[in-house]
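# Structure assessment
For reference, the chains in residue letters:
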Amino acid sequence: MATEIEHKFLVRNDDWRAQAYASRDFQQGYLCGDGPASVRVRIEGEQANLNIKAARVGTTRAEYEYEIPLAEAREMLATLCVAPPVLKTRHWVAHGAHTWEVDVFGGENAPLVVAEIELSHVDEDFECPDWVGAEVTHDKRYYNHALAFAPYSQWGA
């Protein structure tokens, strides 16, 4: 089984931008709302994937990803999603022995910025940069699936 081990954090400031070495625009939509898994179609630049993740909050969960044709992904995003697509720009930032992914959300989830770090094992040590804020790994509101159905801009409403 493929497993994702990931921690999510809020971002305190823009200091990470000077260290970003790559960026890519993403749009992703979900093909189902509830159940034991989230099923999404994602376009990253000119690549597309179908992704299935266990619908559980925490640092470790099952994840499967399959490349699909870009034209089919565009069609799925336009016709099959059960919520508006999540829009974000992902920036890759090297820090210590790891690469951090900083997601700057657009659309209804702006101005949310979340940093993620993927680990190879659960007890792996990692160093948090100064720009990393509170950990939100265990707060389901910050998961992309949740942001599709309850966008950040609506939290205060």
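Because the structure is predicted, anything quoted here is derived from the model rather than measured. (Residues numbered from 1 in each chain as written. Predicted model: local features only at pLDDT ≥ 70, side-chain atom pairs only at ≥ 80, totals over all residues. Heavy atoms only, no water.)

## Notes on helix α1 (residues 70-79)
Turning to α1, its buried residues number three or more, namely L70, A73, M76 and L77. Mapping the buried residues of α1 onto a view down its axis gives an arc of 120°, with all of them on the same face. In α1, those exposed residues whose orientation departs by more than 90 degrees from the buried face are A71, E75, A78 and T79. Against β2 (20-30), β3 (37-44) and β4 (47-54) lie the buried residues of α1. (Buried < 20%, exposed > 50% of the residue type's maximum accessible area, 1.4 Å probe, protein only. Helix = DSSP H or I, 4+ residues; strand = E, 2+ residues; numbered from the N terminus. Arc of directions from axis to C-beta. Contact = heavy atoms within 4.5 Å.)

## Describing the packing of aromatic side chains
This model, assessed by the stated rule, comprises 7 aromatic pairs. Ring geometry for Y142 against W155: centres 5.0 Å apart, planes inclined by 80°, an arrangement best described as edge-to-face. Of the two residues, Y142 sits in the loop between β9 (132-135) and α2 (144-149) while W155 sits in the segment after α2, which places them 13 residues apart along the sequence. Since its relative accessible area comes to 25%, W155 is described here as partly exposed. (Phe/Tyr/Trp six-rings, centres within 6.5 Å; stacked < 30°, edge-to-face > 60°.)

## A short note on the side chain of H7
Tracing the chain through its elements places H7 in strand β1 (residues 3-11). With relative accessibility at 12%, the residue H7 sits in the buried group. Within the local environment of H7, its side chain forms a polar contact with the side chain of E135, the two groups lying 2.6 Å apart. Not counting residues up to four positions away in its chain, the partners in contact with H7 are T59, A115, E116, I117, L119, F126, E135 and T137. (Polar contact = N/O pair within 3.5 Å; in protein donor to acceptor, adjacent residues only side chain to side chain.)

## Regarding the nonpolar core
One finds V11, W16, V93, W100, V102, A115 and W131 to be the most contacted residues of the largest nonpolar core, which totals 14 residues. Of all the secondary-structure elements, those providing two or more residues to this core are β1, β7 (98-105) and β8 (113-118). Residues in contact with A115, not counting those within four places in the same chain, are H7, K8, F9, V11, W100, E101, V102 and W131. Y30, V114, V136 and A148 belong to the second largest nonpolar core, which has 10 residues in total. (Core = buried A, V, L, I, M, F, W, Y, C linked by side-chain atoms within 4.5 Å.)

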